[in-house]
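Read off the chains here:
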Amino acid sequence: MNKKADKKLARTPSQLISERIAELGDWRGKTLDHVRKLIRAADPEIIEEWKWRGVPVWSHNGGICTGESYKDHVKLTFYKGAALSDSAHLFNASLDGNVRRAIDIHEGDKINESAFKNLIRAAIKLNSSGKKKR
């Protein structure tokens, strides 16, 4: 293994997520940082992971959501989103799937912070129940 690979392996997932936020250096980094803070506020025991060669993942008794950054949006994909009640209509992408749902955030979009934190808590509750559907 080369030194660069060794150095990357030595960093924690939380450090890698912080680095990704800094690397983005624009509204996408600020957005990812903001939703990360909301996720942590909703569940201080959330586990941060780094999967699939660079995708931030938040877990608690299983996967909650991913935080991917694209050129024109930040996508938060909820593992069991189709089983979650979304009365605030936060989900706006991947609506046709049987399992996942996503929130695409574009530059300038505002997220309903209270509803988002409730969605995180509902996903954790669903994971903790062991159920796959509502």
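A brief report on the enclosed structure follows. Throughout this description, residue numbers start from 1 for each chain and increase along the sequence as written. Given that the model is predicted, a residue must reach a pLDDT of at least 70 before its local features are reported, and side-chain atom pairs must reach 80 or more before they are shown or counted; all residues, however, enter totals for whole chains, interfaces and linings. Water and hydrogen atoms play no part in the side-chain values, which are based on all heavy atoms of the structure.

1. Some thoughts on the pattern of salt bridges
The salt bridge criterion pairs a side-chain nitrogen of Lys or Arg with a carboxyl oxygen of Asp or Glu, the two atoms within 4 Å. Taken as a whole, this structure holds eight salt bridges when the rule is applied. Put simply, Glu 23 and Arg 20 hold a salt bridge, and the shortest N to O gap is 3.6 Å. Separated by three residues within a single helix, Glu 23 and Arg 20 lie in helix H2 (residues 13-24), roughly one turn from each other. Of the charged contacts in the structure, one is a salt bridge between Asp 26 and Arg 28, with a shortest N-O distance of 3.1 Å. Type-normalised accessible area, obtained with a 1.4 Å probe on protein chains alone, sets the label of each residue: buried when under 20%, exposed when over 50%, and partly exposed for intermediate values. Assessed through its relative accessible area of 27%, Asp 26 is described here as partly exposed. By sharing partners, the salt bridges in this structure join Arg 36, Arg 40 and Glu 48 into a single network. Counting from the N terminus, the helices are the DSSP runs of H or I reaching at least four residues and the strands are the DSSP runs of E reaching at least two.

2. What to know about the nonpolar core
Looking at soluble globular proteins, one finds that nonpolar side chains tend to be buried together. Joining through side-chain atoms within 4.5 Å is the link that ties buried Ala, Val, Leu, Ile, Met, Phe, Trp, Tyr and Cys residues into a set, and such a set is a nonpolar core. Formed by 30 residues in total, the largest nonpolar core has its most connected members in Ile 64, Phe 78, Ile 103, Phe 116 and Ile 120. Counting only elements with at least two residues in this core, the list comes to H2, helix H3 (27-42), strand S3 (63-69), strand S4 (73-78), strand S5 (101-106) and helix H4 (113-129). Ranked by residues supplied to this core, first place goes to H4 with seven residues. What makes two residues a contact is simply this: any of their non-hydrogen atoms within 4.5 Å. The residues touching Ile 103, leaving out its near neighbours within four places in the chain, are Val 74, Lys 75, Leu 76, Phe 78, Leu 90, Phe 91, Asn 92, Phe 116 and Leu 119.

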